[in-house]
Every structure is written in structure tokens, then in C-alpha cells.
Amino acid sequence: MLFTVPKSLAFLLAICSMVGPLSANTYMPGLGAIAEEFAVGEVAAYQTLSSYLMCFAISSLFVGAISDSLGRRSVMIGGLCCYALSCFLCAFSPNYECFLAGRILMGLFASTGTVLAMAVTRDLFSGRQAQELTSLIAVIFALAPALAPIIGGWLVVLFGWRSVFFFLATFALSMALITFFLLKETLPKQRRTVFQLLPLVSTYAHSFKNAAFTAGVFCNGFVFMGSILFSAGAPDYVENVMGMGVTDFGYLMIPLIGFSVLGSVFCTKIAARFGEIKTMWMQIAIMYIAGIAGVVMNYFWHVPYPICLFAVIVYSTAMSVIRPIMTVYNLDYFPKNKGMAASIQQFFQTSAFAICAALWVPVVMGEAWKYDAVLLFCGVMVSVTWLIVLKTRPRCLPKDFSQDA
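Residues numbered from 1 in each chain as written. Predicted model: local features only at pLDDT ≥ 70, side-chain atom pairs only at ≥ 80, totals over all residues. Heavy atoms only, no water.

Under an unreviewed UniProt entry, the name given to the protein chain is Bcr/CflA family efflux transporter, and the source organism is Candidatus Aphodousia faecigallinarum. As recorded by UniProt, the Sequence similarities (unreviewed entry) comment attached to the protein chain reads in full: "Belongs to the major facilitator superfamily. Bcr/CmlA family." (UniProt positions renumbered as here; feature names shortened; annotations may be inferred.)

And the structure:
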């Protein structure tokens, strides 16, 4: 049997975790219309994305710890409801400043689903089962960046950009309702810890003394950065590199996500056959090959669509095999504070997206080979941080750690 964990649970957690990427990608086709209506420039329009991502990353540091105190279920439901209210603020915004405030609030509350999906996973499962559930979540989760710009493009064309935020609010409220009825609390009261801000900050600082954990979350961030660059730069890549229109985002996202799903489906089987360490090195080697091949093809020959996507498709397939392994590894170091560990991991992942939107996209804009050069850079950084994990992990794990604990 390929999977042994409940698929219904994976589906619920994955749908809740989709809120984050939906918020980032669905409104991208409408950035031009938003800039025009509010009479601001393209840079100001992109600030609504980077502001959202920055707030998402910061809130990710706290939502897991809050759930360690209050429980996963209540925090997830409350976060989804507050997120929906933020969407309504964006939908009814009379000016740019109000819209920006709505995006900031969306970022603060969108992290609940993504962070807590991972915390619930580690509450219930460990070892291979945790990897299986993480892989199943990744398969379903991957639909978000693929479908988001397609849905957003058609909503913008048919009903205007404000309809995107009505759609997001409806989605969040629906998930809050489903979570209320179907998700049981996974963190019993006797295992909860009291939320205190100053001790929390101190605990975060102390967690970075764990070299394997620190290297692991950086590794996960760099893995994610390579692929998410193409989502952050989707308007540029689709319109300027591929020469297509606002309703054509699917030509980029569907093949990209399709191969990512393929890697997620077979992640646990590959790891079971070759072992986690060998699997990691195999996928890192694939990332190197993808980056080098992409730079060469797109720099010297300017290959047309769909060949121009070769590098990112191969890279994303390898990424989807690596991330479930790294996610489980990173949550092993703090068995009593898995929510905190999940928060830090999500912070680095979202920060990678923010860096792509604020830094990489302006640098690579309009040039396919530059996008692929970033893939190669990320592959190099993944290999460096993974070496540190291997060297330090044995001494950084809890003394009573068991792979099946």
C-alpha cells in the first residue's frame, strides 16, 4: 500500500494550509487593475504582496506557540475567521491605504492553517507515517499555486479584482466550518504550555543554538525558494518570458505543480527504497543538473515554451521529494514544542517567498536563464545546509529520541 495514513485527514489539513498560497497567488492577475484603480505604480502594487508575506512570516513565529497553549483546533478556526474578515476589508477598500492594511491583516491570520497543519501532523504521527501524511498534504496543497492564478485571472476578467477577495473570504469561512465539525483537538490540555511572550522569544533564541535545526530550516527555505520564485514572478514570466496573457497562468503553473505532485506521491516509496540520506543526495544532484541545464539552454538558445520550463519542472519534482523528509527532521528536535518548531520552519519558508518577491524578481525579470540561475544557487545552498544537518543531527536530537516516538 502506498499510503497508510487517513486520506481524509490529509485532505482537511491540506485544504486549510492552502489559504496561504491562495492569498499570495490568486490576486496576482489583478495587480495591474489594482494599481490602475488606486492610481499607484507597479512597485506599490507589488508591495501589497511583500507586505502580506512579511506579516505571514512574522505571525508564523507565534501561531504555533499560541496553539501549544490554547490547542490546535480553536486557533485554526479563529485564525480562519479573522482572515475572512481581512479579505472583506480588501474587497471593500476605497483606497490604496485601506487595501494595504487589509493585506497586512490577511498575512497575520493566513499562517494559522499552514503552520498548524504541520503541528497536527506531528501530534498524531511520527517517522514514516509523518512523512506519508506530509506528502499527502503536499499533493493536495500543490493544487493551490496551480489553481490560484487561473481562478484569479478569470475572476478578474469576468467580475473585477474585488471578486478575488470575496472568493478568498468564502473559502476561509467554509474551511473554518468544516474544521469545527470534523477536526478533533490533537493537543490534550495536559500537554499544553502557557503562552508567555518574553519566555517565547527566549525559547526562539535558544532554539537557534541547535545547529541541526537551524541548518534544517535554512535548508527547507532554500529548497522552497527555487520553485516559489516562479510563482512570485509569474506575471513577469507568463507575460514577458512566455509571451502570454492574464488568463494563461495555467500554462506555467499546471505543468510545474503536476510534476511536484508526482514527486510528493512517490516520496515515501523513494525514501523507503534508498534511505532518507541517499534520497536527499539524489535529489540535490538532480537540482544541480536542472539548474545548469536550464541556464545553458535559456542563455545560449532562448528555447521556446514548454522547453523553457525544463529546469524548474525537474527542480520542483526533486523539491517535493526533499521537503517531507526535511519537515519531519526539523520537528524532531523539540518534541515538547512542535508548534514552535513548525512556526520557525514556516517563517523561513515564507521568508523565502518574500525574498523572491522583493529581491529576486526585480533581478531576474524578463530573462528565463536568470530564473534558472537562481535554481542552481538554491541547489548549492541546499547541499551546504544539508551537510551541516548530517554532521550535527546526532548530537542535537533529544537524548530519548526514537524514530518511532
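The rest of the description comes next.
## A short note on the overall build of the protein chain
Broken down by element type, the protein chain carries 17 helices and 0 strands. Expressed along its principal axes, the backbone C-alpha trace of the protein chain runs to roughly 55 × 50 × 40 Å. A burial count over the protein chain gives 59% of its 405 residues as buried. Partitioning the contacts of the protein chain with sequence separation of at least 6, the portion at a separation of at least 24 is 86%. Carbon and sulfur atoms form 70% of the exposed surface of the protein chain, whose accessible area is close to 16100 Å². Side-chain charges in the protein chain split into 23 positive and 17 negative, and the spacing between the mean points of these groups amounts to 15 Å. (Helix = DSSP H or I, 4+ residues; strand = E, 2+ residues; numbered from the N terminus. Buried < 20%, exposed > 50% of the residue type's maximum accessible area, 1.4 Å probe, protein only. Contact = heavy atoms within 4.5 Å. Areas by Shrake-Rupley, 256 points an atom, 1.4 Å probe, with all protein chains shown as cover. Lys, Arg positive; Asp, Glu negative; His and termini not counted. Charge placed at Lys NZ, Arg CZ, Asp CG, Glu CD.)

## Comments concerning the packing of aromatic side chains
Applying the stated criterion to the full structure yields 26 aromatic pairs. In textbook terms, an aromatic cluster arises when at least three aromatic residues are bridged by ring pairs, as seen for Tyr27, Phe38, Phe99, Trp161 and Phe165. Directly above the ring of Tyr27 sits Arg103, whose terminal nitrogen or CZ lies 4.0 Å from the centroid. The aromatic ring of Tyr329 is capped on one face by Arg393, whose charged end is 3.8 Å from the ring centroid. (Phe/Tyr/Trp six-rings, centres within 6.5 Å; stacked < 30°, edge-to-face > 60°. Lys NZ or Arg CZ within 6 Å of the ring centre and 35° of its normal.)

## Focus: helix H14 (residues 276-300)
For H14, spanning 25 residues, the distance from its first C-alpha to its last is 36 Å, which sits close to the expected 36 Å at 1.5 Å a residue. Turning to H14, its buried residues are Glu276, Thr279, Met280, Gln283, Ile284, Met287, Ala290, Gly291, Gly294, Met297 and Asn298. Positioned one or two residues after H14, His302 has a phi angle of 50°, which is positive. (Expected span 1.5 Å × (residues − 1).)

## Some thoughts on the packing of helix H13 (residues 250-274) against H14
Close contact between H13 and H14 brings their axes to 7 Å; oriented N to C, the two are set at 115°. The element H13 and its partner H14 pack so that their crossing is right-handed. Listed contacts from H14 to Ile270, Ala271 and Phe274 of H13 are Glu276, Lys278, Thr279 and Met282. Class assignment of the residues belonging to the contact of H13 with H14 gives a composition of 4 nonpolar, 1 polar and 2 charged. (Axes fitted to C-alpha atoms, helices over the stretch in contact; angles between N-to-C directions. Left-handed = near helix turned anticlockwise from the far one by under 90°. Nonpolar A, V, L, I, M, F, W, Y, C, P; charged D, E, K, R; others polar.)

## A few points about the nonpolar core
Residues Phe165, Leu229 and Tyr237 are the most contacted members of the largest nonpolar core, which totals 139 residues. When sequence neighbours within four positions are dropped, the list of residues in contact with Leu229 reads Cys356, Trp360, Val361, Val364, Tyr371 and Val374. (Core = buried A, V, L, I, M, F, W, Y, C linked by side-chain atoms within 4.5 Å.)

## Thoughts on the packing of H13 against helix H15 (residues 310-330)
Relative to each other, H13 and H15 sit at 40°, their axes nearing to 7 Å. As judged from the angle between their axes, H13 and H15 are oblique. Handedness of the crossing formed by H13 with H15: right-handed. Taking contact as the criterion, the partners of Pro255, Leu256, Phe259, Ser260, Gly263, Ser264, Cys267, Ile270 and Ala271 in H13 are, on H15, Val312, Ile313, Ser316, Thr317, Met319, Ser320, Val321, Pro324 and Ile325. Partitioning the contact of H13 with H15 into residue classes produces 12 nonpolar, 6 polar and no charged. (Parallel < 35°, antiparallel > 145°, perpendicular 65-115°, else oblique.)

## Describing the pattern of salt bridges
Pairs can form between side chains of opposite charge whenever their charged atoms are close. This structure, assessed with the given rule, holds 6 salt bridges. The closest approach of N and O atoms between Arg162 and Glu37, which form a salt bridge, is 2.7 Å. Taken as a pair, Arg162 in helix H9 (residues 162-182) and Glu37 in helix H3 (residues 31-37) lie far apart in primary sequence, 125 residues in all. For Glu37, a relative accessible area of 44% gives the class partly exposed. Between Asp123 and Arg191 there is a salt bridge, and its shortest N-O distance comes to 3.8 Å. (Salt bridge = Lys/Arg side-chain N within 4 Å of Asp/Glu carboxyl O.)

## Brief notes about the environment of Arg103
Its location among the elements puts Arg103 in helix H6 (residues 96-124). Sequence-wise, Arg103 and Ala39 are 64 residues apart; in three dimensions their C-alpha atoms are separated by 18 Å. Among all residues touching Arg103, those that are not within four sequence positions of it are Ser23, Ala24, Tyr27, Thr48, Leu49, Tyr52, Cys90 and Phe165.

## A closer look at a nonpolar patch on the surface
Where nonpolar side chains cluster on the molecular surface, the patch consists of Leu177, Ile178, Phe180, Phe181 and Leu182 and spans about 550 Å² of accessible area. Summarising the element assignment, Phe180 is placed in helix H9. The exposure class assigned to Phe180 is partly exposed, which follows from its relative accessible area of 44%. (Patch = residues over 30% accessible without salt bridge, like charges linked within 9 Å, V, L, I, M, F, W, Y side chains within 5 Å.)

## Quick notes on helix H4 (residues 42-70)
When the terminal C-alpha atoms of H4 are compared, their 41 Å separation across 29 residues agrees well with the 42 Å that a helix rising 1.5 Å per residue should span. A maximum bend of about 35° is found in H4 at Ser60. Burial analysis of H4 places 21 of its 29 residues in the buried class, which makes it a mostly covered element. Downstream of H4 by a residue or two, Gly71 has a phi angle that is positive, lying close to 105°. (Bend = angle between axes of the 7 residues up to and from the residue.)

## Section: unusual backbone geometry
Most of the time, phi is negative for any residue but glycine, and the peptide bond is trans. The linkage connecting Tyr305 with the following residue, Pro306, adopts the cis geometry, with an omega of 5°. Within the secondary structure, Pro306 sits in the loop between H14 and H15. Residue Ala39 is not a glycine yet carries a positive backbone phi of 55°. Following the sequence through the fold, Ala39 ends up in the loop between H3 and H4. Using a relative accessible area of 69% as the deciding quantity, one classes Ala39 as exposed.

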